[in-house]
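# Fold and geometry: a report
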Amino acid sequence: MNFGGPAFVLAIIGISMAGWMFTTWIRAKHGYPVENEWGGTVHRTDADADRKIALLEGDNAKLAGKIVRLEERISVLERIATDTNGQAAQLASQIDSLR
């Protein structure tokens, strides 16, 4: 093979283009942004992404509300369990009297 001939130069260009096409394909397949011909990036778009985000935001708000309510209930239970002024005994006697 003549390393100074046009066939070698064309082979190097072909190998370079094939490598670029392969890396671009792998990046696009895995969702990474791909560069366009002017150097800008093209991001992968998902048609259902906005709907999924809205559903997840709704679920997060609902779960955050549940956490707040559970924290309030736990604080009430902790206050009842750690009450040392004798009110716990009174509460126990009231419960027993209701039976």
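That block above? That's the structure.
### Brief notes about a nonpolar patch on the surface
Among the surface-exposed residues, V76, L77, I80, L91 and I95 lie close enough to one another that they form a single nonpolar patch of about 410 Å² accessible area. Those elements that place two or more of their residues in the nonpolar patch are α2 (49-81) and α3 (87-98). Examining the composition of the nonpolar patch, we find that three residues originate from one element, α2, more than from any other. Note that L91 resides in helix α3.

### Brief notes about helix α1 (residues 6-29)
Working note: α-helix, 3.6 residues per turn, so residues spaced by three or four point in the same direction. The terminal C-alpha atoms of α1 lie 34 Å apart, and with 24 residues this matches the ideal 34 Å at 1.5 Å per residue to within 8%. Count one or two residues on from α1 and you reach G31, which has phi positive near 85°.

### Looking at the packing of aromatic side chains
Applying the stated criterion across every chain yields a total of one aromatic pair. Between the aromatic rings of F22 and W25, the centroid separation amounts to 6.0 Å while the plane-to-plane angle is 40°, which identifies the pairing as tilted. Residue F22 and its partner W25 are both found in helix α1; the two are separated by three residues, about one turn of the helix. Using a relative accessible area of 49% as the deciding quantity, one classes W25 as partly exposed.

Rules behind the numbers
Residues numbered from 1 in each chain as written. Predicted model: local features only at pLDDT ≥ 70, side-chain atom pairs only at ≥ 80, totals over all residues. Heavy atoms only, no water. Patch = residues over 30% accessible without salt bridge, like charges linked within 9 Å, V, L, I, M, F, W, Y side chains within 5 Å. Areas by Shrake-Rupley, 256 points an atom, 1.4 Å probe, with all protein chains shown as cover. Salt bridge = Lys/Arg side-chain N within 4 Å of Asp/Glu carboxyl O. Helix = DSSP H or I, 4+ residues; strand = E, 2+ residues; numbered from the N terminus. Expected span 1.5 Å × (residues − 1). Phe/Tyr/Trp six-rings, centres within 6.5 Å; stacked < 30°, edge-to-face > 60°. Buried < 20%, exposed > 50% of the residue type's maximum accessible area, 1.4 Å probe, protein only.

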